[in-house]
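An overview of the molecular structure
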Amino acid sequence: MSGLKKRVVNAINSMIRPSGVQLVRTPDKFEDYIPFAATQAGARAAGLSVGDYIDSRFNVPGSTQDTIDRLAELGVFERPLTRVCEIGPGSGRYLEKVAARCRPERYEIYETAADWRRWLVDEYAVIAQPTDGRTLAATPDTSIDLVHTHKVLNGLEILDICRYFEEMVRVADTHATIVFDILTEACLDEPTLQKWLDSGAGYITSMTAQQFAIDFFTRHGFEHVGSFFATSMPGKTHYQVFRR
């Protein structure tokens, strides 16, 4: 069980234990996902939106909005974004804020967790595409204005990250923007690395060199607009913004 999932379950149990029940771990193919039922229950009990609940208890309060604000500073929302594709929206905390910011006509998601996927479709009227965890096969070439993903690629093996890079390029339209975060060498200074090791978290799988990402997208006709760091407890992640 990942460090984040443990903290979610522990927080829920602290609230419901007086009633004589508690959440227990069961085998789960996707055990590092934020648990759907526990998170929904925790958000309701705290009187918060799902996104704000996750930020306040398991990351840094306001961190999702801070990321959106940093993307805005880099001009991500300056162009019309009528067709959006998000890889792995999970709880939808970035989806909610991006959709509110650009009001797209079409918002596609690729999400492997069935419970979160159903909820996102009902809650935000997005289009859930068939998901294999490595491609955007249901999305046509040059059909998307904004391709983005958050806190996803770091948990994938490097070749799957590269497959997603290829897919982002394929579906991006003539003037599209691509946004993602990766764990780069700059995210693993000695103190931060020690925090990861001490946490016991198992959901970080790959480190991707920033220059590798820049070179890849530059070869495919994209400009590197900029980058910034965002909190990803117990460390940080490195956001990259590219524009064709």
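Before any of the text, the structure's been laid out above.
These figures come from a predicted structure and were not determined experimentally. (Residues numbered from 1 in each chain as written. Predicted model: local features only at pLDDT ≥ 70, side-chain atom pairs only at ≥ 80, totals over all residues. Heavy atoms only, no water.)

A few words now on the packing of aromatic side chains. As enumerated under the stated definition, the model contains 13 aromatic pairs in all. When the ring of phenylalanine 165 is compared with that of phenylalanine 216, the centres are 5.6 Å apart and the planes differ by 45°; the resulting orientation is tilted. With phenylalanine 165 in helix 7 (residues 158–171) and phenylalanine 216 in helix 9 (residues 210–219), the pair connects residues that are 51 residues apart, well separated along the chain. Relative accessible area serves as the criterion here: at 8%, phenylalanine 216 is assigned to the buried category. For the pair phenylalanine 217 and phenylalanine 222, a centre-to-centre distance of 5.9 Å together with 90° between the ring planes defines the contact as edge-to-face. Looking at phenylalanine 217, the relative accessible area reads 0%, which means it is buried. Of the aromatic side chains, those joined through ring pairs into one cluster are Phe165, Phe180, Phe216, Phe217, Phe222 and Phe242. Above the ring of phenylalanine 229, the side-chain terminus of lysine 236 is found at 4.7 Å from the ring centroid. (Phe/Tyr/Trp six-rings, centres within 6.5 Å; stacked < 30°, edge-to-face > 60°. Helix = DSSP H or I, 4+ residues; strand = E, 2+ residues; numbered from the N terminus. Buried < 20%, exposed > 50% of the residue type's maximum accessible area, 1.4 Å probe, protein only. Lys NZ or Arg CZ within 6 Å of the ring centre and 35° of its normal.)

On to helix 9, then. Those residues of helix 9 that fall on the buried side of the exposure criterion are Gln210, Ala213, Ile214, Phe216 and Phe217. End-on view of helix 9: buried residues confined to an arc of 165°, all on one side of the axis. Buried residues in helix 9 make contact with helix 7, strand 5 (172–182), strand 6 (223–232) and strand 7 (235–243). (Arc of directions from axis to C-beta. Contact = heavy atoms within 4.5 Å.)

To continue, consider the pattern of salt bridges. Scanning all chains against the criterion turns up nine salt bridges. Its salt-bridge partner being arginine 70, residue glutamate 73 comes within 3.8 Å of it at the nearest N-O pair. In this pair, glutamate 73 and arginine 70 are both assigned in helix 4 (residues 63–73), three residues apart and thus about one turn of the helix distant. A salt bridge links arginine 163 to aspartate 160; the nearest nitrogen and oxygen atoms lie 2.7 Å apart. With arginine 163 and aspartate 160 both in helix 7, this residue pair falls three residues apart, about one helical turn. Judged by relative accessible area, aspartate 160 falls into the buried class, the value being 12%. Put simply, Arg83, Asp145 and Asp173 are held in one network by salt bridges that share partners. (Salt bridge = Lys/Arg side-chain N within 4 Å of Asp/Glu carboxyl O.)

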